[in-house]
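Architecture at a glance
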Amino acid sequence: MYIPIILGTAREGRQSEKVAKFVLEQVKKTGLETELIDVRDYHIRATNNTGEIPEAKRLAEKVVRAEGFIVVMPEYNHTYPGELKMMLDMIYEQYARKPVGICAVSGGPLGGARGMQALRLTCIGLGMHPLQEAVYFPMVQDLFDEAGKIKDPSYEKKVKGLIDSLIWHAKALKGGGWSWLKVFIRYRNSHMGMAIWRRTCPRNS
Ligand SMILES: Cc1cc2nc3c(=O)[nH]c(=O)nc-3n(C[C@H](O)[C@H](O)[C@H](O)COP(=O)(O)O)c2cc1C
């Protein structure tokens, strides 16, 4: 299962990069396929949703393959960074029915909770399924040591909880829920299926 991590700010000196690298490590530990999708690599000057520009094509390839996402998002003025919105807006239908878990980051004590609510609304607009679970990284400037290692080990458990929920939702959403019924009806209506059905359930034929 491919679950990429989206790093939602291109700001010079961004603290969120430390969080994204930490989350990436945790996803790798579970054995899932993952990578960082950095908004810096998809930076465009103005909104473009034609799907034709190289940045959109590169993003679409990854989004189509992904079965879910984790977004690491710092809070900027009570919402999420503009460059993240411009990147997400480049494509549309490729996101449909995929779960997304959010890790919110802030330099203050609220952990980016307001930005996260705004991002959840955008994710719904794009047809994604934002998870109820989330991980908050308040006072991010104090959370990591000089080597970039997280000081508080409890974050491993928090992120693991988010990953577990993401996997559960990705599996549940993948088949459209009723896929087993579609498979059953297709088989029941096939030539061979009908013959076997009549023999095994004569009263229902
Ligand atoms: C333009 C801008 C707006 C910000 N607004 C908020 C905010 O509304 N609430 C908050 O807790 N922190 C705010 N911050 C501080 C960030 O949370 C802080 O920079 C933190 O390190 C995470 O962002 P970073 O990855 O860019 O470093 C803001 C930072 C910037 C650059």
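Cut-offs and rules
- Residues numbered from 1 in each chain as written.
- Predicted model: local features only at pLDDT ≥ 70, side-chain atom pairs only at ≥ 80, totals over all residues.
- Helix = DSSP H or I, 4+ residues; strand = E, 2+ residues; numbered from the N terminus.
- Buried ≥ 20, exposed ≤ 12 C-beta atoms within 10 Å, placed from the backbone.
- Contact = placed C-beta atoms within 7 Å.
- Near = placed C-beta within 6 Å.
- Nonpolar A, V, L, I, M, F, W, Y, C, P; charged D, E, K, R; others polar.
- Pairing = 2+ DSSP bridges.
- Axes fitted to C-alpha atoms, helices over the stretch in contact; angles between N-to-C directions.
- Expected span 1.5 Å × (residues − 1).
- Parallel < 35°, antiparallel > 145°, perpendicular 65-115°, else oblique.
- Left-handed = near helix turned anticlockwise from the far one by under 90°.

Our focus in this paragraph is the overall build of the protein chain. If you tally the helices and strands in the protein chain, you get seven helices and five strands. In sequence order, the protein chain lays out its α and β elements as β-α-β-α-β-α-β-α-β-α-α-α. Looking at the 205 residues of the protein chain, the share that counts as buried comes to 32%. For the protein chain, restricting intrachain contacts to residue pairs at least 6 apart in sequence, the fraction spanning at least 24 positions comes to 81%.

Okay, the site of the ligand next. In the neighbourhood of the ligand, 16 residues make up the surrounding shell, with Gln15, Ser16, Pro74, Ser106 and Gly108 lying closest. The class makeup of the residues in the shell around the ligand is five nonpolar, eight polar and three charged.

Here we take up the sheet that holds strand 3 (residues 69-74). Spatially, the five strands line up as an open sheet ordered 2-1-3-4-5, and their pairing is parallel. Two strands in the sheet have a free side with no partner beyond their single neighbour: strand 2 (36-38) and strand 5 (129-137). Strand-to-strand twist in this sheet, taken as the mean axis angle between neighbours without regard to direction, amounts to 25 degrees. As defined by bridge partners, strand 4 (residues 99-105) adjoins strand 5 across six bridges and the pair is classed as parallel. Looking at strand 5, one finds that Val100 is bridged to Pro130.

With respect to the secondary-structure elements, Lys174 resides in helix 5 (residues 154-174). As for Lys174 and Lys98, which are separated by 76 residues in sequence, their C-alpha atoms are 7.9 Å apart.

The terminal C-alpha atoms of helix 5 lie 31 Å apart, and with 21 residues this matches the ideal 30 Å at 1.5 Å per residue to within 8%. Where helix 5 is buried, its residues meet helix 1 (16-29), strand 3, strand 4 and strand 5.

On to the packing of helix 1 against helix 5, then. One way to put it is that helix 1 packs onto helix 5 with a least axis distance of 10 Å and a crossing angle of 60 degrees. The pairing of helix 1 with helix 5 is recorded here as oblique in orientation. Crossing of helix 1 against helix 5: the hand is right-handed. In contact with Val23, Gln26 and Val27 of helix 1, helix 5 contributes Glu156, Val159, Lys160 and Ile163. Class assignment of the residues belonging to the contact of helix 1 with helix 5 gives a composition of four nonpolar, one polar and two charged.

As a further point, take the environment of Ile37. Note on placement: Ile37 falls in strand 2. Sequence separation of Ile37 and Leu59 is 22 residues, and the distance between their C-alpha atoms is 8.4 Å.

Below, the discussion takes up the pairing of strand 3. Burial analysis of strand 3 places six of its six residues in the buried class, which makes it a mostly covered element. Neither face of strand 3 is left uncovered, since the one carrying Phe69, Val71 and Met73 and the one carrying Ile70, Val72 and Pro74 both have all their residues buried. Where strand 1 (residues 5-7) meets strand 3, three bridges bridge the pair, whose relative direction is parallel. Among the inter-strand pairings, Ile6 is bridged to a residue of strand 3, identified as Val71. Here six bridges tie strand 3 to strand 4, and the two strands are oriented parallel to one another. Residue pairing for strand 4: Val72 is matched across the bridge by Cys103.

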